[in-house]
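# Overview (structure and organization)
Here is how the chains run, residue by residue.
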Amino acid sequence: MRRSKPSFKSFRFFPTLFGMVIFVALLPAPASAYVREVTASGVPIAWKHPCVSLHIFVGSAPLLLTSADYAAAAAQAAAAWSYPQLACTDIRLTVAPEDAPVADVGNDGQNVIVFRQGTWCREPPPVNDAGVAEPACYPSSALAVTTVVKNSKTGEILDTDIEFNAVNYSWGDLEAQPDLADGWTADFQNALTHELGHAIGLDHPCYAPADGQPRHTDNKGTPEVNCYGNPDLPDSIANATMYPSVQLSDTSRRVLSPDDEQGVCDIYPYGRDFCSADVEGGGCNVRPPVRSKGPGTFIALGLALGLAAVLVWRRSRFEP
Amino acid sequence: MRAMDLAELTASAEHIVLGEVLSSESAWDAKHRTIYSTVEIAVAESWKGQAPGSGRIRLRHFGGIVGDIEMTVYGEARFQPGERVVVFTQGDHLVGMGQGKRRLGWDRAAKCWVAAPWDRTGASLMGKAEGDSEPAVPLEMLRAQVRALVGP
């Protein structure tokens with residue numbers, strides 16, 4: 001005797017549901033827009049290996065925070081861009097505190113973060129062909145200056161340095177002490193998180209129409225939008241850590257936006273290289289990745305569950 | 001970079017000139033640590049300060065390309081030969097890094113020269129409302145504004 005179909009009708013809902021879940025899971029995530037820094041010849045820049053060590057010189061740090069606080073803030077800014085805080089990337093920025101008060105900047109293979117307190121000048125000053133040092137100072141309007149040295153043909157980043165102007169401005173923790181926001185005090189961690197984005201190869205996500213430079217395209221191939229005076233500027237760009245304009249009191253850029261995260265994860269995707277946290281001094285030991293559960297694992301699991309559900313349904317439908 | 005308005009730029013500048021970029025050349029310093037660029041500008045008009053006797057000014061800024069090595073110092077302006085510019089200078093450098101450069105472009109519709117907003121190449125702007133900016137203005141207007149600020 002043949003079983004009647006209606007008794008199985010209710011089961012149709014489940015495979016349909018599973019199918020929909022799998023379909024949604026396989027849909028690409030909402031695309032995020034970011035812009036990579038390129039060399040003058042248009043080559044995107046990046047570190048060759050994703051293990052980047054910086055040194056912060058806090059031997060005579062500004063007075064608003066302790067040396068340990070500045071070092072901790074720098075470590076948090078670096079961690080925001082790094083594995084494991086970001087599971088989708090391999091890059092690991094480490095910031096080692098140094099007891100010396102200052103350090104030189106320039107193309108020396110040492111990546112440094114320094115506070116300039118006596119004079120807001122580049123150290124060491126450039127030396128002319130006669131061997132004479134020519135002091136070269138930054139304008140007081142520059143709160144911080146980031147220098148990136150790269151190979152213009154390959155785009156490999158070779159050196160980066162970040163100098164903070166502690167002559168004309170104060171650097172504090174405006175989350176802990178918002179009352180310090182007086183127009184001349186900025187949030188150190190907020191500013192450093194932005195500058196570290198440049199240091200790993202990200203550009204601002206929008207352009208300034210005045211600069212006379214080529215207008216770049218974002219990761220989706222779309223020409224950059226205008227940063228300034230643009231009523232249609234998407235919130236996703238205006239709220240990004242890499243957006244070029246913020247208030248001094250801003251602390252929100254300490255946390256990466258989805259666009260920022262997409263940028264660092266595309267440039268340094270998980271699984272390319274891996275830094276060992278066990279290496280003394282945050283060094284750069286590259287080893288094959290040993291991976292825990294990533295998005296691919298969950299998609300595969302979803303597919304397997306969906307397939308199993310369909311098989312169970314078919315079997316229960318056609319079995320006597 | 002703290003945003004500077006036109007009044008602050010004008011007050012901070014020793015010289016304000018309108019001219020054309022003749023050359024921009026980059027070199028390492030003698031210790032091979034820093035690349036800097038030297039820019040030569042032929043002066044057509046001098047709006048503040050004494051006009052240079054040679055009719056030219058030289059500016060220096062950090063960054064540039066030498067061989068295969070490129071050094072970027074975020075916030076510094078970039079110059080290209082042939083560009084027409086208004087520059088606000090102090091010594092041999094721009095006031096406020098890229099803020100001291102206004103690039104000129106010919107507006108075909110209006111048939112006049114227009115000074116673009118200041119050069120923000122790579123600059124991160126702080127301390128000013130988001131979206132706010134010095135607008136592009138006709139050169140005539142910029143000249144009148146600066147001369148009014150400079151005074152007699």
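Residues numbered from 1 in each chain as written. Chains lettered and ligands numbered in written order. Predicted model: local features only at pLDDT ≥ 70, side-chain atom pairs only at ≥ 80, totals over all residues. Heavy atoms only, no water.

## Remarks on the overall build of chain B
The cut-off we apply is this: Here a helix means four or more residues in a row that DSSP labels H or I, a strand means two or more in a row labelled E, and each is numbered from the N terminus. Note on exposure labels: buried denotes an accessible area under 20% of the residue type's maximum, exposed denotes more than 50%, and partly exposed covers the range between, all computed with a 1.4 Å probe on protein chains only. Should any heavy atoms of two residues lie within 4.5 Å, those residues are counted as being in contact. With residues, only the protein chains shown are counted as cover, and all accessible areas are computed by Shrake-Rupley using a 1.4 Å probe.
Scanning chain B for helices and strands turns up two helices and 11 strands. The linear arrangement of helices and strands in chain B, starting from the amino end, is α-β-β-β-β-β-β-β-β-β-β-β-α. With 152 residues in all, chain B has 51% of them scored as buried. Sequence-distant contacts, at least 24 apart, represent 55% of the contacts inside chain B between residues at least 6 apart. Approximately 6,500 Å² of chain B is accessible, and the part contributed by carbon and sulfur atoms is 50%.

## Remarks on the interface of chain B and chain A
To keep things clear, this is the line we draw: By convention, the term buried area covers the 1.4 Å-probe accessible surface removed from two parts as they join, with the contributions of both added. Think of a salt bridge as a Lys or Arg side-chain nitrogen and an Asp or Glu carboxyl oxygen that are within 4 Å of each other. Counting of polar contacts relies on pairs of N or O atoms within 3.5 Å, with two restrictions inside protein: one atom must be capable of donating a hydrogen and the other of accepting it, and residues adjacent in sequence are counted only when both atoms are side-chain atoms.
In this assembly, 46 residues from chain B lie in contact with 55 residues from chain A. Approximately 4,300 Å² of surface area, both sides summed, lies buried where chain B meets chain A, with 53% of it carried by carbon and sulfur atoms. Where chain B touches chain A, the interface holds three salt bridges. Across the pair Asp108(A) and Arg33(B) runs a salt bridge whose closest N-O atoms are separated by 2.7 Å. Along the contact surface separating chain B from chain A lie 17 residue pairs in polar contact (both at pLDDT 80 or more).

## Some points on the sheet that holds strand 2 (residues 51-57) of chain A
Which entries qualify depends on this criterion: Strands were regarded as paired on the criterion that DSSP finds at least two bridges between them. Axis definition: a line fitted to C-alpha atoms, limited for helices to the stretch in contact. Angles are taken between N-to-C directions and run from 0 to 180 degrees.
Read across the open sheet, the seven strands follow the order 3(A)-2(A)-4(A)-6(A)-5(A)-5(B)-4(B); overall the sheet is mixed. Two strands close off the open sheet at either side, each with one partner strand: strand 3 (92-98) of chain A together with strand 4 (64-66) of chain B. Averaged over all pairs of adjacent strands, the angle between their axes in this sheet comes to 20°, without regard to strand direction. Across five bridges, strand 4 (residues 112-116) of chain A lies against strand 6 (residues 157-165) of chain A in parallel orientation. Bridge pairing in strand 6 of chain A links Ile113(A) to Ile162(A). Sheet strands touched by helix 3 (residues 67-80) of chain A: strand 2, strand 3 and strand 4 of chain A. Its angle to strand 3 of chain A, the strand with the most contacts, is close to 170°. Against the sheet, helix 4 (residues 188-199) of chain A makes contact with strand 2, strand 3, strand 4, strand 5 (144-151) and strand 6 of chain A, and its axis sits at roughly 160° relative to strand 6 of chain A, the strand it touches most.

## Digging into the pattern of salt bridges
A complete count under the given rule lists 17 salt bridges over all chains for this structure. For Arg2(B), the salt bridge goes to Glu8(B), with nearest N and O atoms at 2.9 Å. For Arg2(B), a relative accessible area of 14% translates into the label buried. We classify Glu8(B) as partly exposed; its relative accessible area is 26%. Notably, a salt bridge pairs Arg56(B) with Glu40(B), separated by 3.7 Å at the nearest N-O pair. One end of the pair, Arg56(B), is in strand 3 (residues 56-62); the other, Glu40(B), is in strand 2 (residues 35-48), with 16 residues separating them in the sequence. Glu40(B) sits in the partly exposed class, given a relative accessible area of 22%. Among the charged side chains, a salt-bridge network with shared partners connects Asp173(A), Glu175(A), Asp187(A) and Arg254(A).

## Concerning the packing of aromatic side chains
The line we're drawing: Each Phe, Tyr or Trp ring (for Trp, its six-membered ring) is paired with any other whose centre lies within 6.5 Å, and the angle between the two planes then decides the class: stacked below 30 degrees, edge-to-face above 60, tilted in between. Definition used: whenever NZ (Lys) or CZ (Arg) falls within 6 Å of the ring centre and also within 35 degrees of the ring normal, the charge is taken to sit over that ring.
Applying the stated criterion across every chain, the model contains 11 aromatic pairs over all chains. A connected cluster of aromatic rings, assembled from ring pairs, spans Tyr70(A), Phe115(A), Phe164(A), Trp171(A) and Phe188(A). Over the aromatic face of Phe62(B) sits the side chain of Arg122(A), whose NZ or CZ is 4.8 Å from the ring centroid. Between the NZ or CZ atom of Arg60(B) and the centre of the ring of Tyr36(B), over which it lies, the distance is 4.0 Å.

## Description of the state of the cysteines
Residues and elements named next belong to chain A. To keep it simple, the criterion reads: Two cysteine sulfur atoms form a disulfide, by the criterion used here, when they sit within 2.5 Å.
Per the counting criterion, the structure on display carries three disulfides over all chains. Paired by a disulfide, Cys-206 and Cys-227 hold their sulfur atoms 2.0 Å apart. Here the disulfide of Cys-206 and Cys-227 is right-handed, its torsion about the S-S bond being about 100°. With Cys-206 in strand 10 (residues 206-207) and Cys-227 in the loop between strand 11 (225-226) and helix 5 (235-238), the pair connects residues that are 21 residues apart, well separated along the chain. Residue classification places Cys-206 among the buried residues on the basis of a relative accessible area of 4%. Classification of Cys-227 as buried rests on a relative accessible area of 2%.

## Here's the deal with helix 2 (residues 139-150) of chain B
Residue and element names in this part refer to chain B. Selection criterion: Expected helix span is given by 1.5 Å per residue-to-residue step, counting one fewer step than there are residues. The arc under discussion is defined with respect to the helix axis, by the directions toward the C-beta atoms.
The end-to-end C-alpha distance of helix 2 is 16 Å, a good match for the 16 Å that 12 residues give at a rise of 1.5 Å each. Buried within helix 2 are the following residues: Leu-139, Leu-142, Arg-143 and Val-146. Along the axis of helix 2, the buried positions cluster into a sector of 100°, meaning they face one direction only. In this structure, helix 2 carries Glu-140 and Ala-148 as exposed residues pointing more than 90 degrees from its buried face. Where helix 2 ends, the next residue or the one after it, Gly-151, has phi of about 85°, a positive value.

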